[in-house]
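Architecture at a glance
What follows is each chain in one-letter form.
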Amino acid sequence: MILSKLKYINQLRINNKANFILYANYLLIAYAFFLPISSSPVRIIFTTIVVLFLLSGNIKEKLLFAIKDKVVLAFILFFIMHALWMLGSEHSEVALFKLANFRYILYIIIYITVIRDDFKYKILTGFLLGIFFSEIVSYLMLMDIRIPYLVYSGWGINVPFMSSYTQYSTVLAISMGILLYSIVTIKQNIFLKLLYILFFISASSNIFIIQSKLGYGLCALSIIIVSILVILKHKKYWMIPVSLGLIIGGYFLAYNLSGTFHQRVNGFFNETTVAIEKQNYHTSTGTRVGFNKYGYELFKENSLFGVGTGDHISEFLSYILEEEKNKANYDCMKRNLDSGKSGSLHSEFLDNSLQFGIIGLLVFFNIFYQLVKYPNKDHYLKVVQILFVIILLAVSSVSVIFIYSKIGKIFTLLAAITLKLYYSKEKLQ
């Protein structure tokens, strides 16, 4: 009798722990939905998930499982690098701010030890629905319609929630690629295919009504990546004319119908020409040319270890003060760097190479390398993995993906659902 009661209590405890994980996974769907929308519910939901994780037990076993994963280790190493390079930093307050701001990188440990294998696609769907909601709000903004009580935290024309139009166009491009691959590979469910087609059209059109010059390029890149993957896996060579039609037709329509696209594209080519030929760096595009020119020269002086966490902005400003003779160029670059503790050279490549030298670049690239080479039996999720890896690498060349926590959290969550999880199919059986 006593033995049976003990067995019952033990089974009840096991069931409760399983329920904690189940609740956490349902919360992760909501978490993925709100990631591109609002930070407040994201913080509350994630705190609840952490509590459920702690209540679920086997913490030591789960943590050991997590740190054995090479992708997780790559993220942890990137975070640790910021901590180690604080030693000797002349701007410790900036370094501490960066370290505190980047703590979400470690969330990937929670993700792969909480996410159940049967919830991967549900969480991905939650993320896509969050993007779809953002698109609806973006189109309403275009028509000067505001939703009462909704907090618009975005920066830029028709950008509702993301930190900038660059970040918004990044998630739109990732969503486009996922949808396009689904459209091509889904065979039986016609209704779902039509839904994906409508979603794809809305996402691709949305990119052309915001100000992101990078986003215009990411749109084509997303289509090209998917086309190559489809041809390699499914031998559907008709994707070549389809992708060319989508890209050329999309740009033609955008150039003739979207005033924002027309103005930004013309401005980009004009500013690039002037920056290269006349060394005019006091424009939006010209500033980035100046950052890369002087950033590379400064990198050569500190190529192995860099200048330390958070010290690169002051070092860069001191360098261009001596080297740049055009006051307008200097003032424009200085103004673009005047972001307080979150100052950046608008490039992950530059920020990491100047702070940590070639070692920092290798640690940064290692995250993407480990993701690309990661074995995944689920081809669909492997496509998602390759898609966001290439897009985020492209974004990293001219923008940042870790300073803005929304895009960084999306990166770590998408990475997690493509990895081997603690709650695998075998463990759930």
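Below is a short write-up of the structure. Keep in mind that this is a model prediction, so the values were computed, not measured. Here the residue numbers are simple positions, counted from 1 along each chain's written sequence. For a predicted model such as this one, the threshold for reporting local features is a pLDDT of at least 70, and the threshold for listing and counting side-chain atom pairs is 80 or more; totals across whole chains, interfaces and linings nevertheless cover every residue. Hydrogens and water molecules were not included; the side-chain quantities draw on all heavy atoms of the structure.

Quick notes on empty space enclosed by the protein
As a reminder of what qualifies: Put simply, the grid is 1 Å and covers the protein atoms alone, a cavity is a trapped set of points that fit a 1.4 Å probe, a pocket is an open set with protein on both sides within 12 Å along at least five of seven lines, and lining residues have an atom within 4 Å of a point. Grid points are joined across faces, edges and corners, and a volume is the space filled by probe spheres set on the points. Each helix is a run of H or I in the DSSP string that is no shorter than four residues. Each strand is a run of E no shorter than two, and both are numbered from the N terminus. Amino acids are sorted into nonpolar (Ala, Val, Leu, Ile, Met, Phe, Trp, Tyr, Cys and Pro), charged (Asp, Glu, Lys and Arg) and polar (every other residue, Gly among them).
The full count for this structure, using the stated rule, is three cavities of 30 Å³ or more. Its boundaries defined by the atoms lining it, the largest cavity holds a volume of some 60 Å³. Elements with a minimum of two residues in the lining of the largest cavity: α4 (70–84) and α16 (348–372). Grouping the constituent residues of the lining of the largest cavity by class yields three nonpolar, three polar and three charged.

Re the nonpolar core
It is characteristic of soluble globular proteins that their nonpolar side chains tend to be buried jointly. As a reminder of what qualifies: By convention a nonpolar core is built from buried Ala, Val, Leu, Ile, Met, Phe, Trp, Tyr and Cys residues, the set being connected through side-chain atoms within 4.5 Å. Here's how the labels work: a residue is buried when its accessible area is under 20% of the maximum for its type, exposed when over 50%, partly exposed in between, all with a 1.4 Å probe on protein chains only. It only takes one pair of heavy atoms within 4.5 Å for two residues to be counted as in contact.
Within the largest apolar cluster, 109 residues are counted, with the highest numbers of intra-cluster contacts made by Tyr31, Ile108, Tyr111, Phe388, Phe402 and Phe411. Broken down by element, the residue count for this core peaks at 13 residues, all from helix α8 (residues 165–185). Once residues within four sequence positions are removed from consideration, tyrosine 111 is found in contact with Leu28, Tyr31, Phe46, Lys409, Thr412, Leu413 and Ala416. Counting residues in each nonpolar core, the second largest holds 17 residues, with Tyr281, Phe291, Ile320 and Tyr330 among its members.

Here's the deal with the packing of aromatic side chains
Put simply, the test is: Centres within 6.5 Å are what make two rings of Phe, Tyr or Trp a pair, Trp counting through its six-membered ring; a difference in plane orientation under 30 degrees is then read as stacked, over 60 as edge-to-face, and the rest as tilted.
With the rule as written, the count across this model stands at 38 aromatic pairs. Taking the centre distance of 5.8 Å and the plane angle of 90 degrees together, the rings of tryptophan 85 and phenylalanine 356 count as edge-to-face. Separated by 271 residues along the polypeptide, tryptophan 85 in the loop between α4 and α5 (92–101) and phenylalanine 356 in helix α16 bring together distant segments of the chain. Exposure remark for phenylalanine 356: the relative accessible area of 0% places this residue in the buried category.

Observations regarding the layout of surface pockets
By volume, the largest pocket amounts to about 630 Å³. Taken together, 24 residues line the largest pocket, and the ones lying closest to its centre are Trp155, Ser164, Arg288, His346 and Tyr404. If you list the elements that add at least two residues to the lining of the largest pocket, you get α5, α8 and α13 (284–301). Tallying contributions element by element places α13 first for the lining of the largest pocket, with four residues. Residue composition of the lining of the largest pocket, by class: seven nonpolar, 15 polar and two charged. Approximately 540 Å³ is the volume found for the second largest pocket. Every residue lining the second largest pocket is counted, 19 residues in all, and those nearest its centre are Lys120, Pro375, Asn376, Lys377 and Lys420. Secondary structure elements with two or more residues in the lining of the second largest pocket: α7 (120–142) and α19 (425–428). A per-class count over the lining of the second largest pocket returns six nonpolar, four polar and nine charged.

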